[in-house]
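In case you want the letters, here they are:
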Number of protein chains: 2
Amino acid sequence: MFSKSCEYGIRAMIYIAGESLKERRVSLKDIAQDIDSPVAFTAKILQQLSRNNLVDSVKGPTGGFEIQPGRMKKISLGAIVKAIDGDGIFKTCGLGLKECSEKRPCPVHNQFKSIRENLCRMLDETSVFELSQGLKDGSTFLRHK
Amino acid sequence: MFSKSCEYGIRAMIYIAGESLKERRVSLKDIAQDIDSPVAFTAKILQQLSRNNLVDSVKGPTGGFEIQPGRMKKISLGAIVKAIDGDGIFKTCGLGLKECSEKRPCPVHNQFKSIRENLCRMLDETSVFELSQGLKDGSTFLRHK
DNA sequence: ATATATTAAGACCTTTTTATCCTTTATTAG
DNA sequence: CTAATAAAGGATAAAAAGGTCTTAATATAT
């Protein structure tokens with residue numbers, strides 16, 4: 001569904017949001033540790049998210065990553081996916097055709113349509129804030145035991 | 001969503017089905033040409049589909065690929081996807097967690113659940129026969145103009 | 001000011017996916 | 001039986017994704 005980068009990116013964002021709500025800025029090391037992702041690779045992904053203004057980064061001692069509580073309700077899953085994987089999943093033909101539209105649909109165009117609409121709506125409506133709540137109340141998890 | 005292999009595989013199956021309904025056995029060359037895919041790569045994918053008994057192959061002059069009309073109503077999109085990409089898309093955690101279940105869900109587990117259910121149902125219920133009909137009546141297409 | 005902690009950036013390596021090419025095997029027509 | 005045709009299979013190559021490492025830039029505390 002998503003690339004590995006995107007999976008790590010989403011996990012990182014949810015984690016950072018959760019910590020930011022506790023007024024804690026988190027370091028790369030903490031993030032990688034707590035979401036069980038490769039450190040250096042996660043750094044790259046965070047750079048990308050930072051450049052897209054989805055997360056704030058601060059250098060130096062006591063530095064790290066954080067998300068303004070105000071912003072995290074406005075950041076959707078879809079925005080993260082778009083920043084990392086691009087908008088292919090929102091638009092591209094399910095069978096990889098260059099030319100696929102209502103006017104010249106591929107054989108699975110209509111079958112995929114409603115599924116994609118549901119997916120897009122969900123990605124768009126689900127905020128990082130919302131997802132961080134499950135972590136907080138212990139009902140969801142970002143890594144194995 | 002799917003790998004390139006899987007996209008070509010699905011396109012090839014729909015094409016072969018359509019031709020088989022006209023009692024035409026098709027060669028690799030014809031397939032690659034008509035679905036606009038790389039010939040040698042398509043050959044590999046067809047081997048895979050053939051080993052999985054999703055398509056019949058015949059060697060030698062007048063040989064090629066075909067699907068028994070009786071079988072093509074029983075072959076679902078999902079069976080093709082499973083043969084080529086495995087069943088990851090049906091099962092794997094959306095955030096790539098090893099451990100993700102109802103008992104220990106990832107933060108997006110519930111959001112993804114209904115979407116995945118819809119996708120699985122669609123893949124399972126849509127047959128190659130059905131998809132070949134659109135081609136036949138000219139309402140769908142397997143390649144660009 | 002300096003030493004230290006931390007992210008940013010770019011070069012590099014590894015694995016997987018995508019794709020090609022060549023040889024072998026099977027089948028058919030003549 | 002032979003020549004020709006077509007898929008099967010294996011080796012190889014190229015491109016993309018996944019991942020590491022080293023150095024630079026920046027901020028903090030003392």
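Look a little higher up for the structure.
For every chain, the first residue of the written sequence is number 1, and numbering continues from 1 onward in sequence order. Here every chain gets a letter starting at A, and every ligand a number starting at 1, in the order they are written. Where totals are concerned, whole chains, interfaces and linings use all residues; where local detail is concerned, this predicted model gives features only for residues with pLDDT of at least 70, and gives and counts side-chain atom pairs only at 80 or more. Only heavy atoms go into the side-chain values, all of them from the structure, while hydrogens and water stay out.

Draft legend 1. Main features of the interface of chain B and chain A. The interface is formed by 36 residues belonging to chain B together with 35 residues belonging to chain A. Here the quantity called buried area is the accessible surface, traced with a 1.4 Å probe, that two parts lose on coming together, added over both. Taken together, both faces of the contact between chain B and chain A bury some 3,300 Å²; the carbon and sulfur share is 69%. Looking only at chain B, the three residues that lose the most surface to chain A are B:Arg104, B:Pro107 and B:Phe141, adding up to 18% of its buried area. Between Lys or Arg on one side and Asp or Glu on the other, a salt bridge is scored when a side-chain nitrogen of the former is within 4 Å of a carboxyl oxygen of the latter. Our count for the contact surface shared by chain B and chain A stands at 2 salt bridges. With its nearest N and O atoms 4.0 Å apart, the salt bridge here joins B:Glu99 to A:Lys145. Where the side of chain B that touches chain A is concerned, the elements lending two or more residues are α1 (4-21), α7 (109-125) and α8 (128-136) of chain B. Any two residues whose heavy atoms approach within 4.5 Å at even a single point are treated as in contact. Per the convention used, a helix needs a DSSP run of H or I reaching at least four residues, while a strand needs a run of E reaching at least two, with both numbered from the N terminus.

Draft legend 2. Representation of the packing of aromatic side chains. Two rings from Phe, Tyr or Trp (for Trp, the six-membered ring) form a pair when their centres sit within 6.5 Å of each other. Planes less than 30 degrees apart are called stacked, planes more than 60 degrees apart edge-to-face, and all others tilted. Summed over all chains, the structure comprises 4 aromatic pairs over all chains. Each ring, one from A:Phe2 and one from B:Phe112, has its centre 5.8 Å from the other, and the planes form 85°; the classification is edge-to-face. With A:Phe2 in the segment before α1 (4-21) and B:Phe112 in helix α7, this residue pair bridges two chains. You'll find A:Phe2 and B:Phe112 in the same group, each marked buried. Between A:Tyr8 and A:Phe41, the aromatic rings sit 5.9 Å apart at their centres with planes inclined by 90°, giving edge-to-face as the arrangement. Throughout this description, buried means an accessible area under 20% of the type-specific maximum (1.4 Å probe, protein chains only), exposed means over 50%, and partly exposed covers the range between.

Draft legend 3. Region of interest: α1(B). Each helix should span, by expectation, one fewer than its residue count multiplied by 1.5 Å. Here α1(B) spans 26 Å end to end across 18 residues, near enough to the 26 Å set by a 1.5 Å rise per residue. At the C-terminal side of α1(B), B:Glu23 shows a positive phi close to 60°.

Draft legend 4. Looking closely at the side chain of A:His109. Residues and elements named next belong to chain A. For His109, the location among the structural elements is in helix α7 (residues 109-125). The exposure class assigned to His109 is buried, which follows from its relative accessible area of 17%. A distance of 3.1 Å separates a polar atom in the side chain of His109 from a polar atom in the side chain of Glu102. Excluding its chain neighbours within four sequence positions, the residues that come into contact with His109 are Cys100, Ser101 and Glu102. Contacts described as polar in this section are N or O atom pairs within 3.5 Å, which, within protein, must combine one atom able to donate a hydrogen with one able to accept it, while residues neighboring in sequence count only if both atoms come from side chains.

Draft legend 5. Molecular detail of the protein's contact with DNA strand C. For DNA strand C, the set of nearby residues contains 25 residues, the closest of which are A:Leu28, A:Lys44, A:Ser57, B:Pro38 and B:Pro61. Any residue with a heavy atom positioned within 4 Å of a molecule or strand is treated as near that molecule or strand. Protein-adjacent atoms of DNA strand C, using a 4 Å cutoff, are sugar or phosphate at a proportion of 64%. Among the elements of the structure, α3 (39-51), β1 (56-58) and β2 (64-66) of chain A together with α1 and α3 (39-51) of chain B are those that each provide at least two residues to the surface near DNA strand C. The greatest single-element share of the surface near DNA strand C, amounting to 4 residues, is contributed by α3(A). Split into classes, the residues belonging to the surface near DNA strand C amount to 9 nonpolar, 10 polar and 6 charged. The nonpolar class holds Ala, Val, Leu, Ile, Met, Phe, Trp, Tyr, Cys and Pro. Asp, Glu, Lys and Arg form the charged class, and all remaining residues, Gly among them, are polar.

Draft legend 6. Representation of the relation of the copies chain B and chain A within the structure. Each copy of the sequence occupies a distinct position, and chain B is placed on chain A by a rotation of 180° and an axial shift of 0.0 Å, giving an RMSD of 0.0 Å. Both chain copies can therefore be described as sitting about a two-fold axis. Of every C-alpha in chain B, the one belonging to B:Met1 sits nearest the axis of rotation, 2.5 Å from it. Both copies present the same face, since 97% of the interface residues in chain B are matched by interface residues at the equivalent positions in chain A. Superposition of the copies was done by least squares, using only C-alpha atoms of residues whose pLDDT is at least 70 in both.

Draft legend 7. Quick peek at the pattern of salt bridges. A complete count under the given rule lists 16 salt bridges over all chains for this structure. Between A:Arg25 and A:Glu66 there is a salt bridge, with its nearest N and O atoms 3.3 Å apart. Linking A:Arg25 in the loop between α1 and α2 (28-35) with A:Glu66 in strand β2, this pair joins segments that are 41 residues apart in sequence. A relative accessible area of 34% means that A:Arg25 is categorised as partly exposed. Put simply, B:Glu99 and B:Arg104 hold a salt bridge, and the shortest N to O gap is 3.7 Å. One network of salt bridges, with partners in common, ties together A:Glu19, A:Lys22 and A:Arg24.

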